[in-house]
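Tertiary structure, described
Here is how the chains run, residue by residue.
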Amino acid sequence: SLWGASLELVKFLEENDIQDGTSAIEVGAGCGALGLAAWKRGFSRVSLTDLEEMLPIMKENIRFNGAETAVEARPVDWSDGGESAREVFAARGPFDLIVGAEVTYDSRLHAGLVESLAILCGAGAETKHPSTGPRPRVIIAIPRRDDDEDIVAVARAKGFTVTELKVCPASKDHSSDVILMQFVPPSTGTWAELPVLSSQAAG
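Rules behind the numbers
Residue numbers run consecutively from 1 along every chain, following the written order of its sequence. A pLDDT threshold of at least 70 governs which residues receive local features in this predicted model, and a stricter bar of 80 or more applies before side-chain atom pairs are shown or counted, although totals over entire chains, interfaces and linings include all residues. Heavy atoms throughout the structure, all of them, feed into the side-chain values; hydrogens and water do not. Only runs of H or I of at least four residues qualify as helices and only runs of E of at least two qualify as strands under DSSP, and these elements are numbered from the N terminus. Each accessible area value is a Shrake-Rupley result obtained with a 1.4 Å probe; residue values ignore everything except the protein chains displayed when judging cover. Convention adopted: a line fitted to C-alpha atoms gives each axis, helices being fitted over their contacting stretch, and angles between N-to-C directions are expressed from 0 to 180 degrees. Oblique is the label for every angle not falling under 35 degrees (roughly parallel), over 145 degrees (roughly antiparallel), or within 65 to 115 degrees (roughly perpendicular). Rotating anticlockwise by less than a right angle from the far helix to the near helix defines a left-handed crossing, while the corresponding clockwise rotation defines a right-handed one. Two residues qualify as a contact provided that any one of their heavy atoms is within 4.5 Å of a heavy atom in the partner residue. Note on residue categories: nonpolar means Ala, Val, Leu, Ile, Met, Phe, Trp, Tyr, Cys or Pro, charged means Asp, Glu, Lys or Arg, and polar means any other residue, Gly included. Confidence scores labelled pLDDT are given residue by residue by the predictor and lie between 0 and 100. The pocket and cavity definitions rest on a 1 Å grid over protein atoms only: a 1.4 Å probe that fits but cannot leave marks a cavity, an open set with protein on both sides within 12 Å along at least five of seven lines marks a pocket, and residues lining either have an atom within 4 Å of a point. Grid points are joined across faces, edges and corners, and a volume is the space filled by probe spheres set on the points. Salt bridges are counted wherever a side-chain nitrogen of Lys or Arg sits within 4 Å of a carboxyl oxygen of Asp or Glu. Exposed residues in this analysis have more than 50% of their type's maximum accessible area, buried residues have under 20%, and partly exposed residues fall in between, with area computed by a 1.4 Å probe over protein chains only. Pairing between two strands requires that DSSP report at least two bridges joining them. In this tally, Asp and Glu contribute negative charge and Lys and Arg positive charge; neither His nor the terminal groups of the chain are included. Here the arc refers to the directions that run from the helix axis out to each C-beta atom.

Per the secondary structure count, the protein chain includes seven helices and seven strands. When the helices and strands of the protein chain are placed in sequence order, the string is α-β-α-β-α-β-α-β-α-β-α-β-β-α. Surface summary for the protein chain: the accessible area is close to 9,200 Å², and the carbon and sulfur share equals 51%.

Moving on: the packing of helix 4 (residues 83-92) against helix 5 (residues 110-120). Running from N to C, helix 4 and helix 5 cross one another at 20 degrees; their axes reach a closest spacing of 9 Å. For the element pair helix 4 / helix 5, the angle class is roughly parallel. Crossing angle aside, the handedness with which helix 4 passes helix 5 is right-handed. Taking contact as the criterion, the partners of Ala85, Arg86, Val88 and Phe89 in helix 4 are, on helix 5, Glu115, Ser116, Ile119 and Leu120. Tallied by class, the residues present in the contact of helix 4 with helix 5 amount to five nonpolar, one polar and two charged.

Of note, Leu120 is situated in helix 5. Separated by 95 residues in sequence, Leu120 and Ile25 have C-alpha atoms that sit 8.7 Å apart.

Moving on to the confidence of the model for the protein chain. Any region with low pLDDT has predicted coordinates that should not be read closely. Averaged over every residue, the pLDDT of the protein chain is 85; residues scoring 70 or more account for 85%. In the model, residues 125-132 has pLDDT below 50 throughout and makes 20 contacts with residues more than four positions away in sequence or in other chains. In the predicted structure, residues 188-203 sits below a pLDDT of 50 and forms 42 contacts with residues beyond four places in sequence or in another chain.

The subject of this paragraph is the layout of surface pockets. Considering only enclosed or pocket space, the largest pocket measures out at about 380 Å³ in volume. Surrounding the largest pocket, 25 residues form its lining, Gly28, Gly30, Asp50, Met54 and Tyr105 being those nearest its centre. In terms of residue class, the lining of the largest pocket is built from 15 nonpolar, six polar and four charged.

One side chain can pair with another of opposite charge once the charged atoms of both are near each other. This structure, assessed with the given rule, holds twelve salt bridges. Notably, a salt bridge pairs Glu115 with Arg86, separated by 3.9 Å at the nearest N-O pair. Taken together, the positions of Glu115 in helix 5 and Arg86 in helix 4 put the pair 29 residues apart, joining distant regions of the chain. Judged by relative accessible area, which is 33%, Arg86 ranks as partly exposed. A single network of salt bridges, built from pairs that share partners, joins Glu72, Arg74 and Arg92.

Attention now goes to the sheet that holds strand 7 (residues 178-184). Read from one edge to the other, the open sheet built from seven strands follows the order 3-2-1-4-5-7-6, with strand pairing classed as mixed. Bordering the open sheet on either side are strand 3 (71-75) and strand 6 (161-168), each of which pairs with just one other strand. On average, adjacent strands in this sheet sit at an angle of 20 degrees to one another, irrespective of strand direction. Sheet topology note: the strand 2 (residues 45-50)/strand 3 ladder contains five bridges and is parallel. Within the sheet, the bridge partner assigned to Ser47 lies in strand 3 and is Glu72. Here helix 1 (residues 4-15) sits on the sheet in contact with strand 4 (97-101), strand 5 (137-143), strand 6 and strand 7, set at roughly 150 degrees to strand 4.

Next up on the list: helix 5. When you tally the buried positions in helix 5, you get nine out of eleven residues, the bulk of the element. Tucked inside the fold, the buried residues of helix 5 contact strand 1 (23-26), helix 4, strand 4, strand 5 and helix 6 (151-157). Gly122 lies just past helix 5 and shows a positive phi near 110 degrees.

Below, the discussion takes up the side chain of Asp50. Counting through the fold element by element, Asp50 comes out in strand 2. Notably, Asp50 is buried but unbridged: the nearest opposite-charge side chain belongs to Arg145, and the N-O separation is 13 Å.

Quick look at helix 4 now. Buried residues of helix 4: Ser84, Ala85, Val88, Phe89 and Arg92, and no others. Seen from one end, helix 4 has its buried residues packed into an arc of 140 degrees, which puts them on one side. Packing partners of the buried residues in helix 4 comprise strand 1, strand 2, strand 3 and helix 5.

Right under this line is the structure:
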């Protein structure tokens, strides 16, 4: 099934005309709607990632949309110490856009998810495509429920700057408010500065 928060983030990408580069990746992709939306927005190299058992549905949706030449499905397990994230970054990185929706449902996975995000941003991973461009733009759609928002403290402890872009009120598609958050990774010597979206820019 398609998470309602995914629809909010797809809408946000469209409304803000986010197309900062060529490569995008979706974490916790499920059926891959966000990543495929990024491809439709003009990203020419897109990766859909989730657990191994989700690969068949992601591959089927890639095929159904005729996106085989631009979009790939790969496994990433947030509980493996970053191993699978490193493999994806080495094969497909660096990434200009990293997106995820409703990936914060289990607080026990927050540390592993943040570690994977850091790796996909280029921390501690080797790549055959070194980046000299802007830092990746990381946007996560977080439902306002239970302890989903606890991931913000985990990310800040890892060195990310976390800013709220937009609050999407509960609707027929999602029973709780959804917060669109931008996670800006720590600066490094090889990254140019990336303009940070503001809540005003988000509308």
